[in-house]
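Coordinates in review
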Amino acid sequence: MANLKNIPPIDEILAQRPVLEMIEKHNRDFVVRIIRKAVEDTRQELRSSQNDLEREQIMGLVIEKMRQTAAAQSQGSLKRVINGTGVVLHTNLGRAPLGERALHYMSEMARNYNNLEMNLEKGQRGSRYDHVEDLLRELTGAEAALVVNNNAAAVLLGLSTLADQREVIVSRGQLVEIGGAFRIPEVMKLSGARLVEVGTTNKTYISDFAAAINENTALLFAAHTSNYKIIGFTAEVELAELVRLGQEKGIAVMQDLGSGILYRSPSWKLGEEPTVQECLAAGTDIITFSGDKLLGGPQAGIIIGKKVYIEAMKKNQLTRALRVDKLTIAALEGTLLEYLNGKPDQNIPVIRMLEYSLEDLEERAEKLYMTLETRIRTHKYIEKLSLIRLDDMVGGGAYPTYLVPGYGLEIRFKGISLENAAQRLRLMNRL
Ligand SMILES: *Cc1c(COP(=O)(O)O)cnc(C)c1O
């Protein structure tokens, strides 16, 4: 066992030049904390070591450990990553990256005071919700709009406001679960609404809805089957049919659209999902969707629809608990303005990425291939790198069965397990 007595005391470590420099850069408490940890780690190491180290060598060891800890702790836990999954909207990788306009607004409003809740014209208290409400009305044609923390919150707020202790009719084919434990039946329970399931998993008819309506029915509910498709022997109720029934019986129709699309470009090949405007035009009374899915903005839950319902939601105490902050409002406003008077197909990153042609993607993949090829060709664990044709996915609860034709890099490893190789790739921060 090495001589533990040679470990220098804290006072002596604190007087070393590199440590004094650390105190200059950070603060003293932090440096003392990392000294204690470095000393403890060194002690453990020496206990199991055969070598007898000089005091000076041990000092060097301690300071090196301190450097490592200081470097590790100067970085936050949240890191930029390269999305190599082929899924454009990846919930585990932060969903939509923001566009420049959203980023600019967000940093301006974060850095400075702003009129979040101040009506500058009247000099009176204003509402934080006003900033995006007009934009959303203009873009969708809705009478009113409200923005909350996320789409799960939007659904919860809608149900709690309009259907507390009353019945909500949903097709059995649409009892959706979204990753991260958002389940329609659970959200219903939490909101106080009573779920009335109708139809079967594969077939639901409008007559099933009609038969379930009674004096306690508050809403007819449609959920977008974001992450699955029921195929084969199926029947789904058309939105227009549901709206017709609702209007006939005087019952509102609420739709959880999941990933709301505001814009469909002419070259867009992803045709089968309805836009927010189309759903609204079909007569839906309340629509909710996410801000950070295909919209390409910040995390938010957007609610649009008839004024009477939205006004009631604004008065619900839950709204205060689910409210969005100035950063979200700023980023959302920046994103929506891009739709209103900008070029969403060029300036909203998720849309731009989905707009790439197969040739664009091949060119980009080739560039990446060239960069990597020269650098890792001789790596001991790499056998072969090749450019391949493959299919990508939209992700984020949209187009579950649609594959986006694209290109990728295939890496063949040698002398290392795939798990290990994947972990190395995840933890790597430079080539
Ligand atoms: C994604 C999704 C949700 C949850 O939205 P968040 O913004 O993540 O809270 C709810 N319903 C549907 C249908 C979805 O696709």
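These notes cover the structure that comes with them. (Residues numbered from 1 in each chain as written. Predicted model: local features only at pLDDT ≥ 70, side-chain atom pairs only at ≥ 80, totals over all residues. Heavy atoms only, no water.)

1. Topic: a negative patch on the surface
Note the threshold: Patch definition: residues above 30% relative accessible area lacking any salt bridge, with like charges linked at up to 9 Å and the nonpolar side chains Val, Leu, Ile, Met, Phe, Trp and Tyr linked at up to 5 Å. Areas reported here follow the Shrake-Rupley algorithm with a probe of radius 1.4 Å; residue values treat only the protein chains shown as occluding. The term salt bridge refers to a pairing of a side-chain nitrogen on Lys or Arg with a carboxyl oxygen on Asp or Glu at a separation within 4 Å. In this charge count, Lys and Arg are treated as positive and Asp and Glu as negative; neither His nor the chain ends contribute. All charge positions are set by atom: Lys at NZ, Arg at CZ, Asp at CG, Glu at CD. Helix numbers and strand numbers start at the N terminus; a helix is a DSSP run of H or I with at least 4 residues, a strand a run of E with at least 2.
A grouping of E359, D360, E363 and E366 is seen on the molecular surface, where their side chains present a negatively charged patch. With respect to the helices and strands, the residue E363 is situated in helix α17 (residues 358–376).

2. Notes on the side chain of T42
The condition that has to hold: Within 3.5 Å is the distance limit for a polar contact, defined as a pair of N or O atoms, with the added protein rule that one can donate a hydrogen and the other accept it, and that residues adjacent in sequence qualify only through two side-chain atoms. The contact criterion used throughout is that any non-hydrogen atoms of two residues lie within 4.5 Å.
Counting through the fold element by element, T42 comes out in helix α3 (residues 28–47). Polar contacts involving the side chain of T42 include one to the main-chain carbonyl oxygen of A38, which spans 2.6 Å. If sequence neighbours within four positions are ignored, T42 has contacts with I58, L61, V62 and K65.

3. Comments concerning empty space enclosed by the protein
The cut-off we apply is this: Think of a 1 Å grid over the protein atoms and nothing else: a 1.4 Å probe that fits but is trapped marks a cavity, an open set flanked by protein within 12 Å on at least five of seven lines marks a pocket, and residues with an atom within 4 Å of a point count as lining. Grid points are joined across faces, edges and corners, and a volume is the space filled by probe spheres set on the points. Throughout this entry, Asp, Glu, Lys and Arg are counted as charged residues, while Ala, Val, Leu, Ile, Met, Phe, Trp, Tyr, Cys and Pro are counted as nonpolar. The remaining residues, Gly among them, count as polar.
One pass over the structure, following the stated rule, counts 1 cavity of 30 Å³ or more. Considering only enclosed or pocket space, the largest cavity measures out at about 50 Å³ in volume. G99, E100, R101, A102, G296, G334, T335, E338, N347, I348 and P349 are the residues that line the largest cavity. Residue assignment for the lining of the largest cavity shows that the elements contributing at least two residues are α5 (100–111) and α14 (326–341). Considered class by class, the residues forming the lining of the largest cavity number 3 nonpolar, 5 polar and 3 charged.

4. Focus: the sheet that holds strand β13 (residues 382–395)
The cut-off we apply is this: Think of it this way: DSSP has to see at least two bridges between two strands before they count as a pair. Note on geometry: axes are lines fitted to C-alpha atoms, helical ones only across the stretch in contact, with angles between N-to-C directions running from 0 to 180 degrees.
What the 3 strands build is an open sheet, ordered β1-β13-β14; its pairing is mixed. At either margin of the open sheet sits one strand with a lone partner, and together these are β1 (87–89) and β14 (403–413). Averaged over all pairs of adjacent strands, the angle between strand axes in this sheet comes to 35°, irrespective of strand direction. In this structure, β13 lies alongside β14, joined through 11 bridges in antiparallel fashion. Note on β14: the bridge partner recorded for D392 is V404. Against the sheet, α17 engages β13 and β14, with an angle of about 15° to β14.

5. Concerning the site of the ligand
Condition: Any residue with a heavy atom positioned within 4 Å of a molecule or strand is treated as near that molecule or strand.
Close to the ligand lie R95, N150, N151, A152, I178, F182, H224, S226, D256, G258, S290 and K293. Side-chain polar atom of D256 to a nitrogen atom of the ligand: 2.6 Å apart, as the coordinates give it. In the complex, the protein chains occlude 95% of the 380 Å² of accessible area that the ligand would expose alone. Elements with a minimum of two residues in the shell around the ligand: α7 (151–163) and β10 (252–259). Of the residues that constitute the shell around the ligand, the class distribution is 3 nonpolar, 6 polar and 3 charged.

Spatial relationships are all this shows, so hold off on functional conclusions.
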